[in-house]
Amino acid sequence: MKRLTTETPDGNFETILNFVFSKDGWAHIRYDGSEGTVPLTQWAKAQCILHGCGEFSAEMPQEIDEEISDCLMMDFPDCPVALAYGFAVQACHLRDRLKMYEDICFADDRRERLPLDVLRDLAERTVPSPLNAPLTLEELREMDGEPVWVVPLNDFEILPANYLVNAYAEQIVVDKFGAYLDFEDYGKTWLSYRRKPEEVTHGNSN
């Protein structure tokens, strides 16, 4: 497997994957068309002014970050500058996290010293598998877009199976035709697990 994070990208692909990077605690972009290593906040403010945002008064990086984040999350969620800023912040944080792992798994010359299969085997040997307890409602919301194993309660008419979480709509999608289970019924007519339980007994007790 090839390393993805680098401080010296070579070629278009590596440059794109490392186009936004951390420096001094802030996100920077590698090149803005005229100069290199540009603070993301500086670039974003310039773009806001260039595109007619005359009320942009923030000066310090923290203030700029807060103002653009407010635009993205509340005031102007369709603003292309705010969207680009959000994309770049996401990329920077994910790159930082990936780099921590790659610094361990790769030598200085980029050779892989901990292949994925070795790392996976090591994790399985040293970290016990988590108990497959029923998910809490909060845990269920955090699994948006992922499959979970759903089981019925109290003779509820649904087949135990893997279904897809739609946390935004507070629902579980149960088939391709759009049938769903509401989160408000969770624990009353159905439960869910991260994976299929080996032995689970449900229903009315006698």
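Residue positions within a chain follow its written sequence, with the count starting from 1. Only residues with pLDDT of at least 70 get local features here, since the model is predicted, and only at 80 or more are side-chain atom pairs given and counted; chain-wide, interface and lining totals rely on the full set of residues. Excluded from the side-chain calculation are hydrogens and water; included are all heavy atoms of the structure.

Draft legend 1. Spatial organisation of the sheet that holds strand β6 (residues 171-173). Strand order in the open sheet formed by 5 strands is β7-β6-β5-β4-β8, with antiparallel pairing between adjacent strands. Lying at the two open borders of the sheet, with one neighbouring strand each, are β7 (180-182) and β8 (190-193). Across this sheet, the average inter-strand angle for adjacent strands is 40°, counted without regard to direction. Where β6 and β7 come together, 3 bridges link them in antiparallel fashion. Pairing of Gln-171 across the sheet is with Asp-182, part of β7. Two strands qualify as a pair provided that DSSP identifies no fewer than 2 bridges between them. In DSSP terms, a helix is any run of H or I states spanning at least four residues, a strand is any run of E spanning at least two, and both are numbered starting from the N terminus. Lines fitted to C-alpha atoms define the axes here, with helix axes fitted over just the stretch in contact, and angles between the N-to-C directions of these axes take values from 0 to 180 degrees.

Draft legend 2. Representation of the pattern of salt bridges within the structure. In the sections that follow, a salt bridge refers to a side-chain nitrogen of Lys or Arg positioned within 4 Å of a carboxyl oxygen of Asp or Glu. Enumeration according to the criterion identifies 9 salt bridges in this entry. A salt bridge links Glu-14 to Arg-110; its shortest N-O distance comes to 2.7 Å. Placement of the pair is Glu-14 in helix α1 (residues 11-17) and Arg-110 in the loop between α4 (80-105) and α5 (116-126), with a sequence separation of 96 residues. Classification of Arg-110 by relative accessible area gives partly exposed; the value is 33%. Residues Lys-45 and Glu-59 are paired through a salt bridge, measuring 3.4 Å at the closest nitrogen-oxygen approach. Exposure classes here rest on a 1.4 Å probe applied to the protein chains alone. A residue is buried below 20% of its type maximum, exposed above 50%, and partly exposed in between.

Draft legend 3. Region of the structure containing the state of the cysteines. Disulfide: a pair of cysteine sulfur atoms within 2.5 Å of each other. What the rule picks out here adds up to 0 disulfides. Not engaged in a disulfide, the cysteine Cys-79 finds its nearest cysteine sulfur in Cys-48; these two sulfurs lie 5.8 Å apart.

Draft legend 4. Representation of the confidence of the model for the protein. Averaged over all residues, the pLDDT of the protein equals 85, while 91% of them reach at least 70. Per-residue confidence from the predictor is reported as pLDDT, a score between 0 and 100. Whether two residues touch is decided by their heavy atoms; if any such pair falls within 4.5 Å, the residues are in contact. Contacts for the low-pLDDT stretch residues 200-206, under 50 throughout, to residues beyond four places or in other chains number 9 contacts.

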